[in-house]
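Fold and geometry: a report
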Amino acid sequence: MAEQSSVKPLPRAIADGEAGIESAVSTPSRRPFLFLICAITIPIIVIDQLTKLFVQAHMALYESIAIIPNYLDITYALNPGAAFSMLAEAPPWVRKAFLLTMACGAIIVLAIFIWRSDRVSITSVAFAMIMGGAAGNLIDRAVRGRVIDFVRAHYYDLNYPIFNVADSAISIGVALIILTAFFGGDDQPKANRSD
């Protein structure tokens, strides 16, 4: 009588040895990329553009509405330059070419970083936020030639530069990357405790 073995066959990836390991490693799941783009980047772009269109349609240029008197206003402004009005005095063709090229380059690099992420992490979320903000401002520059800014944070006459949703997403994304760099985060491998 032949004895029945309770041993189950090895899965194909293990049975094939190194070839199975290479094929499993070379085709990582791209679900984090799609998730980050759909859950973070696209909503930031949509909210940014909707708020800018709302302000443009309902306010006159430089009109200001106090939300919290002496602290926070909605003020419609057009920014021809980069962040904090940098390059505002440069010739228009130089400014537009430079800023469009830089924004497109940043979006491509950020998309590659997000694509190469094998999981959702603080850093990949930050990259998705920065990419959404860069794309939101790129749309303004390409369509209008200027970026619509409308959030004015101030203390009486002390003013912070007027900004928008895209600028906020970029700033929060950069802050997350800096905080992760200083304090560590879920991007760093766990130390081996057996030492």
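Whatever comes next refers back to the structure up there.
Residues numbered from 1 in each chain as written. Predicted model: local features only at pLDDT ≥ 70, side-chain atom pairs only at ≥ 80, totals over all residues. Heavy atoms only, no water.

Right, let's get into the environment of Met102. Mapped onto the elements, Met102 comes out in helix 4 (residues 92-116). Placed 36 residues apart in sequence, Met102 and Leu138 show a C-alpha to C-alpha distance of 9.5 Å. (Helix = DSSP H or I, 4+ residues; strand = E, 2+ residues; numbered from the N terminus.)

Glancing now at a nonpolar patch on the surface. Together, Ile65, Ile67, Ile68, Tyr71, Tyr155, Tyr156 and Leu158 make up an exposed nonpolar region whose accessible area comes to about 730 Å². Residue contributions to the nonpolar patch peak at 3 residues, all from strand 1 (residues 64-68). On the secondary structure map, Ile68 appears in strand 1. Judged by its relative accessible area of 44%, Ile68 is partly exposed. (Patch = residues over 30% accessible without salt bridge, like charges linked within 9 Å, V, L, I, M, F, W, Y side chains within 5 Å. Areas by Shrake-Rupley, 256 points an atom, 1.4 Å probe, with all protein chains shown as cover. Salt bridge = Lys/Arg side-chain N within 4 Å of Asp/Glu carboxyl O. Buried < 20%, exposed > 50% of the residue type's maximum accessible area, 1.4 Å probe, protein only.)

Another aspect to go through is the nonpolar core. If you look at the biggest cluster of nonpolar residues, it comprises 19 residues, and the most contacted ones within it are Ile40, Ile107, Ile114 and Met131. Mapped onto this core, the elements with two or more residues apiece are helix 3 (31-58), helix 4 and helix 5 (122-144). Among the nonpolar cores identified, the runner-up in size contains 7 residues, and Val55, Phe150, Val151 and Phe163 belong to it. (Core = buried A, V, L, I, M, F, W, Y, C linked by side-chain atoms within 4.5 Å.)

Once that is clear, we can look at the sheet that holds strand 3 (residues 147-155). If you trace the 4 strands from one edge of the open sheet to the other, you get 1-2-3-4, paired in antiparallel fashion. The open sheet has two edge strands with one neighbour each: strand 1 and strand 4 (158-159). Note that strand 1 and strand 2 (residues 72-79) share 4 bridges and pair antiparallel. Bridge pairing in strand 2 links Ala66 to Asp73. Helix 3 contacts strand 2 and strand 3 of the sheet and is inclined by roughly 85° relative to strand 3. (Pairing = 2+ DSSP bridges. Contact = heavy atoms within 4.5 Å. Axes fitted to C-alpha atoms, helices over the stretch in contact; angles between N-to-C directions.)

A few words on the packing of helix 5 against helix 6 (residues 165-183). With their axes 7 Å apart at the nearest point, helix 5 and helix 6 run at an angle of 155° to one another. Judged by the angle between their axes, helix 5 and helix 6 are roughly antiparallel. Two packed elements cross with a definite hand, and for helix 5 against helix 6 that hand is left-handed. Of the residues in helix 6, those touching helix 5 at Ile122, Thr123, Ala126, Phe127, Met129, Ile130, Gly133, Ala134, Gly136 and Asn137 are Ala166, Asp167, Ala169, Ile170, Ile172, Gly173, Val174, Leu176, Ile177 and Thr180. Class assignment for the residues of the contact of helix 5 with helix 6 results in 13 nonpolar, 6 polar and 1 charged. (Parallel < 35°, antiparallel > 145°, perpendicular 65-115°, else oblique. Left-handed = near helix turned anticlockwise from the far one by under 90°. Nonpolar A, V, L, I, M, F, W, Y, C, P; charged D, E, K, R; others polar.)

A word on helix 5. Given a rise of 1.5 Å per residue, 23 residues ought to cover 33 Å, and the 33 Å separating the end C-alpha atoms of helix 5 matches this to within 8%. Most of helix 5 is tucked away: 17 of the 23 residues are buried. (Expected span 1.5 Å × (residues − 1).)

All right, on to the pattern of salt bridges then. Counting across every chain of the model gives 4 salt bridges. Among the salt bridges present, the one from Asp48 reaches Lys52, with a minimum N-O distance of 2.8 Å. Of the two residues, Asp48 and Lys52 both sit in helix 3, 4 residues apart, roughly one turn of that helix. The class of Asp48 is buried, set by a relative accessible area of 0%. A salt bridge links Asp73 to Arg152; the nearest nitrogen and oxygen atoms lie 2.6 Å apart.

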